[in-house]
Amino acid sequence: MSLVNYAAREITCKIVYYGPGRSGKTSNLHYVYNQVPGDRRGSMVSLATQTDRTLFFDFLPLDLGSISGFTTRLQLYTVPGQVYYATTRKLVLQGADGVVFVADSQRRQIDENVESMQDLHANLAEQGVDARNVPLVIQYNKQDLPRELTMDVPELDDVLNFRGVPFHAGDALRGTGVFETLRSISELVLRRLSGAAAPRVAVGQ
Ligand SMILES: Nc1nc2c(ncn2[C@@H]2O[C@H](COP(=O)(O)OP(=O)(O)O)[C@@H](O)[C@H]2O)c(=O)[nH]1
Ligand SMILES: [Mg+2]
């Protein structure tokens, strides 16, 4: 649910990174946080345990500057992917303007990816959102891992991308595909808001 303040000419959009546990959602936000100049971002809030697993969610506010005369802000969230955090996932997803689905390219994770994609669509439907229309971008993460462990992008896309949405290969640790993904989802969300041609979004680099 984007907040548009016409008087102050401000827009705030909520983008949720969704996907199975340990697919690289938090790593995406860390990479963005580390690359974006300090005056363009707020603090990253991670409610996590001592390990690297997200317990509740991560939150990163970003300032895109002025787009079409509106001060534009993004709020990036990640959900915890593990099956038992279903309630938190639903809460975090609520009011999302756009979703980035971070898939884990490891072959042994394919069932988790499929299950998480189904879970996403079930939760959107439950929240009364038309799941076929919500802005969605897929990132096939961990493409840096050895070929014998991973599925390649066309193979993954065949299984997961039934809507034919934009997708990117990713390596969230080194940053491959991270800003491409963020730009894609931002453009889809802002296009939807403005009801017009895609605005050019410059974020990060
Ligand atoms: N090789 C590789 N490891 C990754 C990549 N992205 C994340 N990881 C690792 O996968 C694990 C889970 O990452 P995290 O971002 O916490 O996943 P989340 O549960 O989706 O938030 C961590 O050990 C990361 O260092 C990637 O693109 N390539
Ligand atoms: Mg996480």
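Look up: the structure comes first, before these words.
None of the values given here were measured: they were computed from a predicted structure. (Residues numbered from 1 in each chain as written. Chains lettered and ligands numbered in written order. Predicted model: local features only at pLDDT ≥ 70, side-chain atom pairs only at ≥ 80, totals over all residues.)

## Some words on the overall build of the chain
Here is the rule: Runs of H or I in DSSP of at least four residues are treated as helices and runs of E of at least two as strands, each being numbered from the N terminus. Comment: burial labels come from other C-beta atoms within 10 Å of the residue's own C-beta, placed from the backbone, where a count of 20 or more is buried, 12 or fewer is exposed, and between is partly exposed. Residues are defined as contacting one another if the C-beta atoms placed from their backbone atoms lie within 7 Å.
Check the secondary structure of the chain and you find five helices and eight strands. Secondary structure elements of the chain, listed N to C terminal, follow the sequence β-β-α-β-β-β-α-β-α-β-α-β-α. Taking all 205 residues of the chain together, 42% fall into the buried category. A fraction of 67% describes how many contacts in the chain between residues 6 or more apart in sequence connect residues 24 or more apart.

## Observations concerning helix α2 (residues 86–93)
What sets the pattern is the α-helix's 3.6 residues per turn: residues three or four places apart point alike. What counts is decided by this rule: Here, the arc refers to the directions that run from the helix axis to the C-beta atoms.
The set of residues buried in α2 consists of R89, V92 and L93. For α2, the angular spread of the buried residues around the axis is 95°, confining them to a single face.

## Focus: the site of ligand 1
The cut-off we apply is this: Nearness rests on one distance test: the residue's C-beta atom, set from the backbone, must lie within 6 Å of the molecule or strand. Each residue receives one of three labels: charged for Asp, Glu, Lys and Arg, nonpolar for Ala, Val, Leu, Ile, Met, Phe, Trp, Tyr, Cys and Pro, and polar for the others, Gly being one of them.
With respect to spatial proximity, 22 residues lie near ligand 1, and among them G24, K25, T26, S27 and A172 are the closest. In terms of residue class, the shell around ligand 1 is made up of four nonpolar, 11 polar and seven charged.

## Digging into the pairing of strand β7 (residues 136–141)
Going by this rule: When DSSP locates at least two bridges between a pair of strands, those strands are taken to pair.
With six of its six residues buried, β7 lies for the most part within the structure. Here β7 shows a buried face lined by L136, I138 and Y140 and a second buried face lined by V137, Q139 and N141. Pairing analysis gives six bridges linking strand β6 (residues 98–104) to β7, with the strands arranged parallel. Of the residues in β7, the one forming a bridge with F101 is I138. Judged from the three bridges that link them, β7 and strand β8 (residues 167–169) form a sheet pairing that is parallel. Pairing of Q139 across the sheet is with H168, part of β8.

## Concerning the nonpolar core
Definition in use: Definition of nonpolar core: a set of buried Ala, Val, Leu, Ile, Met, Phe, Trp, Tyr and Cys residues joined via C-beta atoms within 7 Å.
Ranked by size, the top nonpolar core spans 46 residues in total, and within it I15, V16, L76, V99, V100 and F101 carry the most contacts. Looking at which element gives the most residues to this core, the answer is helix α5 (residues 178–194), with seven residues.

## Considerations on helix α3 (residues 110–126)
Threshold: To estimate the expected span of a helix, subtract one from its residue number and multiply by 1.5 Å.
Its 17 residues give α3 an end-to-end C-alpha distance of 24 Å, which sits within 8% of 24 Å, the value for a rise of 1.5 Å per residue. The inward-facing, buried residues of α3 abut β2 (10–18), α2, β6 and α4 (153–160). Of the residues trailing α3, G128 is marked for its positive phi of about 75°.

## Things to note about unusual backbone geometry
Unlike most non-glycine residues, R22 shows phi in positive territory, near 70°. Mapping R22 onto the fold places it in the loop between β2 and α1 (25–35).

## Things to note about the environment of A103
Within the fold, A103 resides in strand β6. Taking the C-beta count within 10 Å as the criterion, A103 has 31 such neighbours and is therefore assigned buried. Separated by 11 residues in the primary sequence, A103 and V114 place their C-alpha atoms 9.0 Å from one another. Leaving out residues up to four positions away in the same chain, A103 has contacts with G19, S23, N113, I138, Q139, Y140, N141, L156 and L160.

## What to know about the pairing of β6
In plain terms, the rule: When the strands point away from the viewer and the path from the first strand over the helix to the second turns clockwise, the crossover is right-handed.
In terms of burial, β6 is a largely internal element, seven of the seven residues being buried. Residues G98, V100, V102 and D104 point to one face of β6 and V99, F101 and A103 to the other, with burial holding for every one of them. Judged from the four bridges that link them, β2 and β6 form a sheet pairing that is parallel. Across the sheet, Y18 pairs through a bridge with F101, a residue of β6. This β-α-β element, β6 to α3 to β7, shows right-handed connectivity.

## Some remarks on the environment of G21
Positionally, G21 belongs in the loop between β2 and α1. For G21, a count of 18 C-beta atoms within 10 Å gives the class partly exposed. Remark: the alpha-carbon pair of G21 and V83, spanning 62 residues in sequence, is separated by 8.1 Å.

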